[in-house]
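Chain residues, written in single-letter form:
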Amino acid sequence: MILEMVRANGAVSLRELARVVQTSEVTVRRDVRALEAEGLLDRRHGGAVLPGGFTRESGFPQKSHLATAEKTAIADLAAGLVEEGEAIVVGAGTTTQELARRLARVPGLTVVTNSLLVAQALAHANRVEVVMTGGTLRGSNYALVGSGAEQSLQGLRVSRAFISGSGLTAERGLSTSNMLSASVDRALVQAAAEVVVLADHTKLGTDTMFQTVPTDLITRLVTDEPPAHDDRAATELQALADQGVQIAVAGASGSPGGDQVPARQQQHQQRRDVALPGPRRNVPGSGLRSASMLGGEQPTGTEQRGRVADMRRR
């Protein structure tokens, strides 16, 4: 039954497997480990996927069934970072689609995106302006990619970018399995003063083929609290915090929506719970400026929308 579910969906969470087969996650994890040893599937943090290693990428139908509750919690927390009148960019992905559904309630917002799913989620939001990039449609994730998408982002400047990916490690940063998607995501990041990565715990510690955002360019990570047994994901969170990434854990005990490393990690650490970095670091050639370089102030909503309007006219 586990193999049938993975083959039908491409990726399934342990929680969902346990619910369907009516057993514990511990039992399911043992079965998944045995199936992986036979080469029938690959384990991922919190789930199982079809075998394929670095080069395989699941399509939207498969991704939409993995860690759905976690993605919802992450989107709820991330939406609280967006203020009225801002101009932002939102990348493609199932988690960013969940975020877009919540952004429909933010008045005066301008959203630049290469995702048809994000645009669709905002299509009927009267007080939100949606600007889409050009490019070629990539059907597996309903995103616009290629040189047309990248060129349409040149000269754009917004307050922050919300972006997702296939894997996240402290050593390499955010990565994805597709070269075209990675290239457009890098262009989205270069347009933003701050970079917010949305990644559930199943992606922590996973490294995929193409780097999107190096760790030193990530301002904040919004994630969910890893299960108690997932030491690798918890260790990765601490490593990211040690490198200056602000960690926002959805549903973390003691501080809902607050920035912190999960409480169980504190038992193994003799230092602060979370890194509290100063202004965003400036990396030569990245095209990203820190708040201090901007005079300590973010652009106003009017200025941001004006820059987006300039991009559309070009």
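Residues numbered from 1 in each chain as written. Predicted model: local features only at pLDDT ≥ 70, side-chain atom pairs only at ≥ 80, totals over all residues. Heavy atoms only, no water.

S.K.: Looking at this model, I keep getting lost on unusual backbone geometry. Mind explaining?
M.R.: The bulk of non-glycine residues show a negative phi, and the bulk of peptide bonds are trans. Of note in the backbone geometry, Gln22 takes a positive phi value of approximately 60 degrees without being a glycine. Within the secondary structure layout, Gln22 lies in the loop between helix H2 (14-21) and helix H3 (25-37). You can call Gln22 exposed: its relative accessible area is 72%. (Helix = DSSP H or I, 4+ residues; strand = E, 2+ residues; numbered from the N terminus. Buried < 20%, exposed > 50% of the residue type's maximum accessible area, 1.4 Å probe, protein only.)

S.K.: Even after reading the chapter, I still don't get the sheet that holds strand E1 (residues 11-13), so can you show me in this structure?
M.R.: Within a sheet, neighbouring strands are paired by backbone hydrogen bonds and run either parallel or antiparallel to one another. Read across the open sheet, the three strands follow the order E1-E3-E2; overall the sheet is antiparallel. Since the sheet does not close on itself, it has two edges, and those belong to E1 and strand E2 (42-44), each with one partner. Strand-to-strand twist in this sheet, taken as the mean axis angle between neighbours without regard to direction, amounts to 25 degrees. Of the pairings in the sheet, the one linking E1 to strand E3 (residues 47-49) comprises three bridges and is antiparallel in character. Paired with Ala11 across the bridge in E3 is Val49. Sheet strands touched by H2: E1 and E3. Its angle to E1, the strand with the most contacts, is close to 75 degrees. (Pairing = 2+ DSSP bridges. Axes fitted to C-alpha atoms, helices over the stretch in contact; angles between N-to-C directions. Contact = heavy atoms within 4.5 Å.)

S.K.: In this structure, what is going on with a nonpolar patch on the surface? I would like to understand it.
M.R.: A grouping of Leu116, Met132, Leu137 and Tyr142 is seen on the molecular surface, where their side chains present a nonpolar patch of about 330 Å² in accessible area. You can see Leu137 is positioned in strand E7 (residues 136-138). (Patch = residues over 30% accessible without salt bridge, like charges linked within 9 Å, V, L, I, M, F, W, Y side chains within 5 Å. Areas by Shrake-Rupley, 256 points an atom, 1.4 Å probe, with all protein chains shown as cover. Salt bridge = Lys/Arg side-chain N within 4 Å of Asp/Glu carboxyl O.)

S.K.: Could you clarify how one ought to interpret the packing of helix H5 (residues 68-79) against helix H6 (residues 94-103) in this entry?
M.R.: Each pair of packed helices can be summarised by the angle the axes make with each other and by the distance between the axes. Here H5 crosses H6 at 50 degrees, and the two axes come no closer than 8 Å. Classified by the angle between their axes, H5 and H6 sit oblique to one another. Read as a crossing pair, H5 and H6 show a hand that is right-handed. Together, Lys71, Thr72, Ile74, Ala75, Asp76, Ala78 and Ala79 of H5 and Thr94, Thr95, Glu98, Leu99, Arg102 and Leu103 of H6 make up the contact between the two elements. (Parallel < 35°, antiparallel > 145°, perpendicular 65-115°, else oblique. Left-handed = near helix turned anticlockwise from the far one by under 90°.)

S.K.: Would you explain the environment of Ser177 in this entry?
M.R.: Residue position: Ser177 is located in the loop between strand E11 (173-176) and helix H9 (179-190). With relative accessibility at 8%, the residue Ser177 sits in the buried group. C-alpha of Ser177 to C-alpha of Phe210: the two residues are 33 residues apart in sequence and 5.9 Å apart in space.

S.K.: Help me out: how do you make sense of the pattern of salt bridges in this one?
M.R.: If charged atoms from side chains of opposite charge come close, those side chains can pair. Tallying each qualifying case throughout the model produces nine salt bridges. For Arg101, the salt bridge goes to Glu98, with nearest N and O atoms at 2.4 Å. Here Glu98 and Arg101 lie together in helix H6, a separation of three residues that amounts to about one turn. Judged by its relative accessible area of 16%, Glu98 is buried. Among the salt bridges present, the one from Asp207 reaches Arg172, with a minimum N-O distance of 2.6 Å. Taken together, the positions of Asp207 in the loop between strand E12 (192-198) and strand E13 (210-213) and Arg172 in the loop between strand E10 (167-169) and E11 put the pair 35 residues apart, joining distant regions of the chain. On the basis of relative accessibility, which here comes to 29%, the residue Asp207 falls in the partly exposed class. You can call Arg172 partly exposed: its relative accessible area is 24%. Connected through salt bridges with shared partners, the residues Asp76, Glu98, Arg101 and Arg102 form a single ionic network.

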